[in-house]
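Close look at the chain arrangement
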Amino acid sequence: MAALERPCTSGRLTDCRRFLGQAAARAAAHANALATGPAVRGRWKRQAISMADPLLRARLAEGRFFMVPGVQDMIAAVIARKVGFEFVYGTGYWLTASAFGLPDAGIATYTQMRDRMETLVRTSTAAVIADGDTGYGGLINVHHTVRGYEAAGVTAIQLEDQEFPKKCGHMPDKRIVPVEDMVERIKVACAARHSRDFVVIARTDARQSEGEQGVLRRLRAYAEAGADVLFPEALVEEEEMARVCAELPLPCMVNMANGGASPMLEPTLLAKLGFAFAIYPSLTSLAAAQAMETVLRALKDTGAGDPEGLFDFREFSALIGMDEVREFERRCARPSV
C-alpha cells in the first residue's frame, strides 16, 4: 500500500493524471446521482437523478417471459453478472441472512437494506428489482423508502400488504393490513418516484387468510391505485395461478422459492399460466449453503482443503476488479525498491 500512496513517477505523470481524472469524474457523477439532501423548499423533494433502468418496462411491454435470480451477497451478484442475467432480485430474506445472520422478520432497517441495495446496484450490471418489504413503517416511511431506493439506482421496488413488522411470504401466521391501507401505500409510492422507469410492484400475502378471491380483490385495488406489476404471493396450485393471472389487468410476477408454499414449475409452464416473469430468491443462497457445508465437512473429516470443483481463484479476482487495481498500479504507482 505504501507504493500506492507515493506520487506518480514523472515518466508516467500525464498518463496517471488522465487515469485519475477519469476515475474522479465517474465518482463525482455517481455521488451526484446518489445525492439525498432535501431541497431548500419542500422538505420531501429530492434533488437526486433517477437511475432506474428502462429495460424492465421494455421487457414487460414485449410480453416475453423472463427469469430473475435472487442474490444474497455481492459474490452472487458478480456470478450473475458473469452468466449474463439482465435482472437480479435484491431479496430481503437472503440479503438479511447474509449480511446480519438474522431472519426475515422486520428486524433489518431501511438504512441497512438501502445500503445493501446500493452496493448491489454498484456491483451488478443488471437492473435491480428490490424487496422493499412494507416500506419500513407508515406512509412517510414508504415515501422515504421509494425515494431512497430510486436514488440508490434500483429499477423496481416490491411493496407488500403485511403488517409491520412482516414475515417471509412463505411462512405461517402472516398478518395483513386492510386493503385501504395498502392502497395508500401504493399511491404514496407512485407519487414519490421521480421517473416512470422506476417500477412499483404490489404484492399481496392474502392467500393464506383470505383465499383466492381475497387475492384478486386486493390486487385489483392495487392496480387501480397505480401499481405497475402485481405479485400474488404463495399461490398453491397451477389452476389457481392461471385463474389469478387471467383475472388481473397488469403483468404478474411469481415467486419460485425453493421449499416454499408454491410448486416449483418450469419457466415454459409459468409463461403459459400467464406470468410475466419469475423470481428465484433462494436458489443461489441454498446452493451456496449446501456447497459450503459439503467442503467444510470434508475439511473437518478428512482435512481436504483443495477439493475438485472450486471456482477458479484468478477468474474470481478478475470478476471483483483486481485487474483494475493492477492497471492502476501499473499506471500510477512507483515501483517498490
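Up top is the structure these notes are about.
Cut-off values and rules
- Residues numbered from 1 in each chain as written.
- Predicted model: local features only at pLDDT ≥ 70, side-chain atom pairs only at ≥ 80, totals over all residues.
- Heavy atoms only, no water.
- Patch = residues over 30% accessible without salt bridge, like charges linked within 9 Å, V, L, I, M, F, W, Y side chains within 5 Å.
- Areas by Shrake-Rupley, 256 points an atom, 1.4 Å probe, with all protein chains shown as cover.
- Salt bridge = Lys/Arg side-chain N within 4 Å of Asp/Glu carboxyl O.
- Helix = DSSP H or I, 4+ residues; strand = E, 2+ residues; numbered from the N terminus.
- Axes fitted to C-alpha atoms, helices over the stretch in contact; angles between N-to-C directions.
- Parallel < 35°, antiparallel > 145°, perpendicular 65-115°, else oblique.
- Contact = heavy atoms within 4.5 Å.
- Nonpolar A, V, L, I, M, F, W, Y, C, P; charged D, E, K, R; others polar.
- Core = buried A, V, L, I, M, F, W, Y, C linked by side-chain atoms within 4.5 Å.
- Buried < 20%, exposed > 50% of the residue type's maximum accessible area, 1.4 Å probe, protein only.
- Pairing = 2+ DSSP bridges.
- Right-handed = clockwise from strand over helix to strand, strands pointing away.

Judged by side-chain polarity, Met292, Val295, Leu296, Leu299 and Leu310 come together as a nonpolar surface patch covering roughly 460 Å² of accessible area. Summarising the element assignment, leucine 310 is placed in the loop between helix 12 (283-302) and helix 13 (313-319).

Moving on to the packing of helix 5 (residues 92-100) against helix 6 (residues 110-123). One can describe the packing of helix 5 onto helix 6 by two numbers: an axis separation of 11 Å at closest approach and a directional angle of 95 degrees. Between helix 5 and helix 6, the interaxial angle falls into the category roughly perpendicular. Facing helix 5, whose interface residues are Gly92, Leu95, Thr96, Ser98, Ala99 and Phe100, helix 6 presents Gln112, Met113, Arg116 and Met117. Among the residues forming the contact of helix 5 with helix 6, the class breakdown is five nonpolar, four polar and one charged.

Moving on to the packing of helix 9 (residues 207-225) against helix 10 (residues 238-247). Between helix 9 and helix 10, the shortest axis-to-axis distance is 9 Å and the interhelical angle comes to 25 degrees. By the angle between their axes, helix 9 is roughly parallel relative to helix 10. In this structure, helix 9 contributes Arg207, Glu212, Val215, Leu216 and Arg220 to the contact, and helix 10 contributes Glu240, Arg243, Val244 and Glu247. Residue classes in the contact of helix 9 with helix 10 are distributed as three nonpolar, no polar and six charged.

Counting residues in each nonpolar core, the largest one holds 59 residues, and the members touching the most others are Tyr149, Val154, Ile186, Tyr222, Leu230, Leu270 and Phe275. With seven residues, the top contributor of residues to this core is helix 8 (residues 179-192). Excluding its chain neighbours within four sequence positions, the residues that come into contact with leucine 230 are Ala202, Leu219, Tyr222, Ala223, Leu248, Pro249, Leu250, Pro251, Cys252 and Met253. Of all hydrophobic cores here, the second largest spans 17 residues; its members include Leu56, Ile129, Met253 and Ala276.

Side chains of strand 8 (residues 277-280) alternate between two faces, with Phe277 and Ile279 and Ala278 and Tyr280 buried alike. Pairing analysis gives four bridges linking strand 1 (residues 66-71) to strand 8, with the strands arranged parallel. Following the sheet pairing, valine 68 is matched in strand 8 by isoleucine 279. Relative to strand 8, strand 7 (residues 253-255) is paired through three bridges, and the arrangement is parallel. Bridged to valine 254 within strand 8 is alanine 278. What joins strand 7 to strand 8 is helix 11 (residues 267-273), and the crossover it makes is right-handed.

This part takes up the environment of alanine 304. Along the chain, the position of alanine 304 falls in the loop between helix 12 and helix 13. Those residues within four positions of alanine 304 in sequence are excluded, and the remaining contacts are Val295, Ala298 and Leu299.

This next bit is on the pairing of strand 2 (residues 87-90). Across the two faces of strand 2 the burial is the same, with Phe87 and Tyr89 and Val88 and Gly90 all buried. In the sheet, strand 1 pairs with strand 2 via two bridges, with the strands oriented parallel. In the strand pairing of strand 2, glycine 70 is matched with tyrosine 89. By the bridge criterion, four bridges tie strand 2 to strand 3 (residues 127-131) in an arrangement that is parallel. Its bridge partner being in strand 3, phenylalanine 87 is matched across the sheet by alanine 127.

These figures come from the coordinates and say nothing about function on their own.
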